[in-house]
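# Analysis of the macromolecular model
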Amino acid sequence: MPRRRVDMREESPGKPSTLAPQIHSASRRLGVFLSVSLLMCCVARQGPPGPASAPSAGLAIRVNQVGYLPDAPKVAVVCALEPRVITSFSVVDEHNRRVFGPRAPDAAGPFGPCAATYRLDFSTLRQTGVYRIEAAGVTSLPVRIGDDVYRGTADSLLAYLREQRSGYNPVFRDSVHQRSDGVLVDHPTRSGEFIAVSGGWADASDYLQYGATTAHATTMLLLAYRDHSQAFADQFQANGLSGANGIPDVLDEARWGLSWLLKMYPEDDLLLNQLGDDRDHTFWDLPVNDSADYGWGRGGRRPVYPCTGKPQGLFEFKNRSTGLASTAGKYAAAFALGAAAFRERDSVFARRLAERARAVYALGAAHPGVCQTAPARAPYFYEEDDWADDMELGAAELYALTREPTYLGAALQYAALEPVSAWMGQDTARHYQWYPWHNNGHYEIWRATGGPGGPGGRDSTQRRVAEYYARGLEAVARHAGNGFRIGIPFIWCSNNLLASFATQAYFYRRMTGDSSYLEYETAALDWLFGTNPWGVSMVIGLGATYPRTPHSVVAQQLHLQLTGGLVDGPVYRSIFEHLRGIRLLAADRYAPFNTGFIVYHDDVGDYSTNEPIMDGTANLAYVLAARAAH
Ligand SMILES: [Ca+2]
Ligand SMILES: [Ca+2]
């Protein structure tokens, strides 16, 4: 989330004349194939606005707009904008026949814009169908119950990743930075050297690319396929264009990430971490004709930053990097998982990945500490402060791949250094301070030491890593007494935290069979799909009401729907008000619900709440795959 926005918002609204030529030129260039790609690829034309979100009688009933599995907990939430007493609710079917209730709701107190909330639990309704919830004369959006409600949703998210591809891009059917990536900068002896690093995904709606987020996203895709392969189909080719190629699309996408990460680790002692920097934000233009000027002319080559183990930043602002391990561990994990995933399909690729996994892990072990992203003209960067979690995961995946005991021993030692992701239970955190927001390593240790069908809770190692997860879940649950059962801090990219929380809770439940946190796990997913004060699904294209005007130049200029993109999500009002250059460009259709301590705006100008994020999208694909494979 790097944000083209930051500088862009300062520049683009006030300087439309500088943007017009690029947009015009892009439109001309794109016109020929747009109609085809819209039908066949990652995106669709923007549809009409979704159902109105305005509350009726100051009261709204919020539901998961994707739906509920028959055996899952099912809770709708009432948000009343004024204090209100509600004594009963009912569920009616498509013929308006009451099939559940009347029942008494559970009063849950105020939250954000809601002066009162109520939880409407209809979990015991298991019959497949389409229903509505009624209370106090107000009716919810349609609610689906069925075994198939999550079918295909994980694949839907992959559409956004294809749209974000750098190198050959299937939406534009054209090069994105293919010849301009990149020139080594901030290297003690080799600055100015060209290194071919084209590929990967743009991190958000700007075109910066990061090794850390790409490696995490790739890892989540590989885990999703390994654990829930039946959730994924084959409808796209390796280059992202429509058409089956005999490989599940989630593996096509994971390989896209792996191939770029291999380029970003070209030599044993050269670990690259970032492509482009926030000078990217100068222009609000399409990726195929990016005008950013990094000192080699507009639209010229882009800088690529190595991990140096020292504070980085070419200009006024510096990060606080201390080592290489946070990035090295993530690369090692992705490479090792990739080696296992492609062992049968492409043994040459798999052997290369295995070799790179060992090398980059060794580099991280030799250089403990964090490798943060590098700021340029703006003060923002990913302030990752933890690296033991990343080395734990790298070691765990190498153990799973090689069965060499030293890797397991190392994984357990790293795990003990950071048993709990430190944001859990806190009210705030720095931008990407504890990243990834959940630690896959504990689950991977559990799996590699027995896993499904293994000794389970009887083994002390397995008990220990499960208990690590429980501590984090409990810390979040203690903050989740509100009607929505949400206990995360509403920092920038809060939806990332919810996807992570849901992932960790799922891992824990699978490891132990303990459903103590299922209520909160379910609430996190429900929140992402509409059970939130605004009644908006946070994934573009999923649900009835979802972001229509995301912060994206591609969506805005080409009138495309970025199907599958998970947006940042609500933030504390104080964050929204203090980030640089945010300006809402249209009337706020969610205004009645933006009166509390957290805000969300479906507005192209709001890069703090409404910008799709690549890594969160990939993480959510895991969560949805688990539900689809139910
Ligand atoms: Ca495919
Ligand atoms: Ca970390």
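Residues numbered from 1 in each chain as written. Chains lettered and ligands numbered in written order. Predicted model: local features only at pLDDT ≥ 70, side-chain atom pairs only at ≥ 80, totals over all residues. Heavy atoms only, no water.

The number of helices and strands found in the protein is 16 helices and 19 strands. A separation of at least 24 residues holds for 74% of the contacts in the protein among residues at least 6 apart in sequence. Of the roughly 21,100 Å² that the protein leaves accessible, carbon and sulfur atoms contribute 51%. (Helix = DSSP H or I, 4+ residues; strand = E, 2+ residues; numbered from the N terminus. Contact = heavy atoms within 4.5 Å. Areas by Shrake-Rupley, 256 points an atom, 1.4 Å probe, with all protein chains shown as cover.)

Running from amino to carboxyl end, helix α4 (residues 211-228) crosses helix α5 (residues 249-263) at an angle of 150 degrees, the nearest separation of the two axes being 9 Å. Of the possible angle classes, the one that applies to α4 and α5 is roughly antiparallel. Viewed along their axes, α4 and α5 form a crossing whose handedness is left-handed. Note on element contacts: α5 touches α4 through Val250, Leu251, Glu253, Ala254, Gly257, Leu258, Trp260 and Leu261, opposite Gly211, Thr214, Ala215, Thr218, Leu221, Leu222 and Tyr225. For the contact of α4 with α5, the residue count by class is 10 nonpolar, 4 polar and 1 charged. (Axes fitted to C-alpha atoms, helices over the stretch in contact; angles between N-to-C directions. Parallel < 35°, antiparallel > 145°, perpendicular 65-115°, else oblique. Left-handed = near helix turned anticlockwise from the far one by under 90°. Nonpolar A, V, L, I, M, F, W, Y, C, P; charged D, E, K, R; others polar.)

Right, let's talk about the confidence of the model for the protein for a bit. Scored by pLDDT, the protein has a mean of 91; 90% of the residues are at 70 or more. No element of the protein has a lower mean pLDDT than helix α2 (residues 16-40), which averages 28, and none a higher one than helix α6 (residues 325-341), which averages 99. (pLDDT = per-residue confidence, 0-100.)

Quick look at the coordination of the calcium ion (ligand 1) now. Here the calcium ion (ligand 1) is held by Asp234 (OD), Phe236 (O), Asn245 (OD1), Ile247 (O), Asp249 (OD) and Asp252 (OD), and the distances to it run 2.3 to 2.4 Å. Ordering the donors of the calcium ion (ligand 1) by residue number gives the pattern D-x1-F-x8-N-x1-I-x1-D-x2-D. In this pair, Asp234 is assigned in the loop between α4 and α5 and Asn245 in the loop between α4 and α5, connecting sequence segments 11 residues apart. Judged by relative accessible area, which is 24%, Asp234 ranks as partly exposed. (Donors = N, O, S within 2.8 Å, 3.2 Å for Na, K, Ca; no water. Buried < 20%, exposed > 50% of the residue type's maximum accessible area, 1.4 Å probe, protein only.)

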